[in-house]
Amino acid sequence: MATFRYKALDSSGKHKSGNIEAANEAAARTALSRLTLKPISVTKASKGGGDIMAILNKGAKVKNKDLVVFTRQLATMINAGVPLVRSLATMQNQTESEVLKKQLADISKDVESGTAFADALEKHKATFSPIYINMIRAGEAGGILDEILKKLAVQQEKDAAIRGKFKSAMTYPMVLIGITVVVFISLMTFVVPRIGTIIGDLSDGELPATTKYMLAISDFMINFWYIHVGVLIIGGVFLVKFLRTPKGRETRDKLLLRIPAFKVLIVKMSVARFSRIFASLMSAGVSVIDSIEITAKASGNAVIQKELMEAAKSVANGEQFSEPLSRSKVFPPIVSQMMAIGEETGQTDVVLLNVADFYEEEVDAAVEGLSSILEPILIVVMGGMVGMIAISVIGPISSLSSDL
C-alpha cells in the first residue's frame, strides 16, 4: 500500500485535499469516487517526509469537541437510514479535525471491506476509548447503533463538563501559587540583597535573627542558583516518571483522597462519571463484569479502579454488584443502595442515570466549596511569606531610625 496526496471536489463543489492509501493511483481514484469525491489530481506522496501536514499531525489528538460532533451527526445519519459507509464518508468531508479526517478514511475503508465498525474503531485507540468501542460493538449486535451513538455523545459531553469544572476550580489556586513563587524569588534575589547591603553599611550593631536568616537564604539562592535549578529539573523528571507508573498513580490518588477538601470533590466526580458510564454500558447490553472493568479503567483514579476491579471479581463469584459496593471505602452508601434497587427492579441503567444527574449537580457545589477553602489559605500563605521578608527588612530600619 502506498500513500497518495489528492485534490478533489465534493458533491457540493467544494475543494478537498488530503492523503489516501491505495495500491496504485487508479485504486486511489476509485476509492475517492466511492467517498463521493471527484478527483482533480492524485500524486504519490514523498517517502522523505515531504508532507508537512502529516508531520505536524503526527502524534496529534482528536479534541473531545470534534469527537462529540462526529458522534451526534453520525447518530442522526444512521437514524435517517443512511448506510454506515456513506455516513462515514460524509463525516470525513465535514470534520474540521485533520487527524480525525485521516482516521475516518481508514475506518471507512475497513468497514467497506467487511470489517465490523467496532473492530475498525479499535485500530485507533488513541481517539476511541474502550467505552466507546464496546458500546458501538453492543449497538451493532443489537441493531440499535443510532441510539448508542446518541448516548455516547451525551456521556462524552457530561464527562467533559465534569473535567472542565475541576480544571476551572484549580485554575485560580494554581495562578496564585505561581504568583507567590515569582514574588518570593524576586524579593529574595533583588530586593533583600540590596536592602541588606544598605542596612549592613549603616548598622554597627547586631542584626536581628530574622534578618540574618533572610539574608542567608537570599545569599544561598543567588550564589548557588545552579543547585536549585538542578534539584528542580531532576526532581521534576523523577516525579513525572514516578507518576506515570502504577505505583506512582496509586500513591498520588491515595494522598489526594486523604485531603478532606479534595476527597469530597474527587469522590463526587468519580461517582458521577462511574454512574453515567456504567449506565450507558448496561443499557447498550454490555455484560455486568465487562461494564465494571471498562468503567474501572475509565475512572481516572487508581484507588477507585482497584476497588472496582475487586468488585468485578466478587460479581464473577456470584455476588450482586451492590454487595461489594456496600463495602467500599470510597463510594458513598447511597450508590450501593441505589444499585441494589436497580438490581431488584431490573432498571439499573435508569437508577444510575438519576445518581449521575444528582452527583453532577453536587460537583458544582463541591467546586465552589474547594475554591472558597483554597483561596483564603493561599492568600494567607502568600501574605505570610511577604510579611516575613518585610519584617526582616523593617526591623533593622526601625532600629536605625530610633538610634538616629
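The structure contained in this document is the topic of the report that follows. None of these values were measured; they are calculated from a predicted model.

### A look at the overall build of the protein chain
Part 1: Across its full length, the protein chain holds 17 helices and three strands.
Part 2: Computed over the C-alpha atoms, the radius of gyration of the protein chain is 29 Å, more than 25% above the 22 Å expected from 2.2 N^0.38 for a compact globule of 404 residues.
Part 3: Its C-alpha atoms put the protein chain at 95 × 60 × 35 Å along the principal axes.
Part 4: Burial analysis of the protein chain (404 residues in total) assigns 39% to the buried set.

### Considering the side chain of K268
Part 1: Here K268 is to be found in helix α12 (residues 260-283).
Part 2: Its relative accessible area of 18% is what places K268 among the buried residues.
Part 3: Contact partners of K268, with chain neighbours within four places excluded, come to Y359, E362, V363 and A366.

### Focus on the packing of aromatic side chains
For any two aromatic rings, the description comes down to two numbers: the centre-to-centre distance and the angle of the planes.
Part 1: Considering all chains together, one arrives at 11 aromatic pairs under this definition.
Part 2: With 5.9 Å between their ring centres and 80 degrees between their planes, W225 and Y226 make a pair best called edge-to-face.
Part 3: For Y226, a relative accessible area of 47% corresponds to the partly exposed category.
Part 4: Ring plane angle 70 degrees and centroid distance 6.1 Å describe the contact between F274 and F321, whose orientation is recorded as edge-to-face. Within this pair, whereas F274 is found in helix α12, its partner F321 is found in the loop between α14 (302-316) and α15 (322-326), the two being separated by 47 residues in sequence.
Part 5: Assessed through its relative accessible area of 2%, F321 is described here as buried.
Part 6: One aromatic cluster in this structure is built from F220, F224, W225 and Y226.

### Description of empty space enclosed by the protein
Part 1: Counted according to the given criterion, the structure contains three cavities of 30 Å³ or more.
Part 2: Of the volumes computed, that of the largest cavity is approximately 50 Å³.
Part 3: The wall of the largest cavity is formed by T3, N19, I20, E21, K102, A105, D106 and K109.
Part 4: Counting residues per element, the ones that place at least two in the lining of the largest cavity are β2 (15-22) and α5 (98-112).
Part 5: Class assignment of the residues belonging to the lining of the largest cavity gives a composition of two nonpolar, two polar and four charged.

### Notes on the layout of surface pockets
Part 1: Looking at the largest pocket, its volume works out to about 830 Å³.
Part 2: Along the walls of the largest pocket sit 32 residues, with S129, D159, R163, R273 and A298 positioned nearest its centre.
Part 3: Counting residues per element, the ones that place at least two in the lining of the largest pocket are α3 (64-79), α7 (130-142), α8 (145-202), α11 (246-258), α12, α13 (288-297) and α14.
Part 4: No other element matches the six residues that α8 contributes to the lining of the largest pocket.

### Thoughts on the packing of α11 against α14
Each pair of packed helices can be described by the angle between their axes along with the distance between the axes.
Part 1: With their axes 7 Å apart at the nearest point, α11 and α14 run at an angle of 100 degrees to one another. Judged by the angle between their axes, α11 and α14 are roughly perpendicular. The residues of α14 that touch α11, namely those facing R249, E250, D253, K254 and L257, are A302, V303 and K306.
Part 2: Residue classes in the contact of α11 with α14 are distributed as three nonpolar, no polar and five charged.

Rules behind the numbers
- Residues numbered from 1 in each chain as written.
- Predicted model: local features only at pLDDT ≥ 70, side-chain atom pairs only at ≥ 80, totals over all residues.
- Heavy atoms only, no water.
- Helix = DSSP H or I, 4+ residues; strand = E, 2+ residues; numbered from the N terminus.
- Rg over C-alpha atoms; globule rule 2.2 N^0.38 Å.
- Buried < 20%, exposed > 50% of the residue type's maximum accessible area, 1.4 Å probe, protein only.
- Contact = heavy atoms within 4.5 Å.
- Phe/Tyr/Trp six-rings, centres within 6.5 Å; stacked < 30°, edge-to-face > 60°.
- 1 Å grid on protein atoms, 1.4 Å probe; cavity = no way out; pocket = protein on both sides within 12 Å on 5 of 7 lines; lining within 4 Å.
- Points joined across faces, edges and corners; volume = space filled by probe spheres on them.
- Nonpolar A, V, L, I, M, F, W, Y, C, P; charged D, E, K, R; others polar.
- Axes fitted to C-alpha atoms, helices over the stretch in contact; angles between N-to-C directions.
- Parallel < 35°, antiparallel > 145°, perpendicular 65-115°, else oblique.

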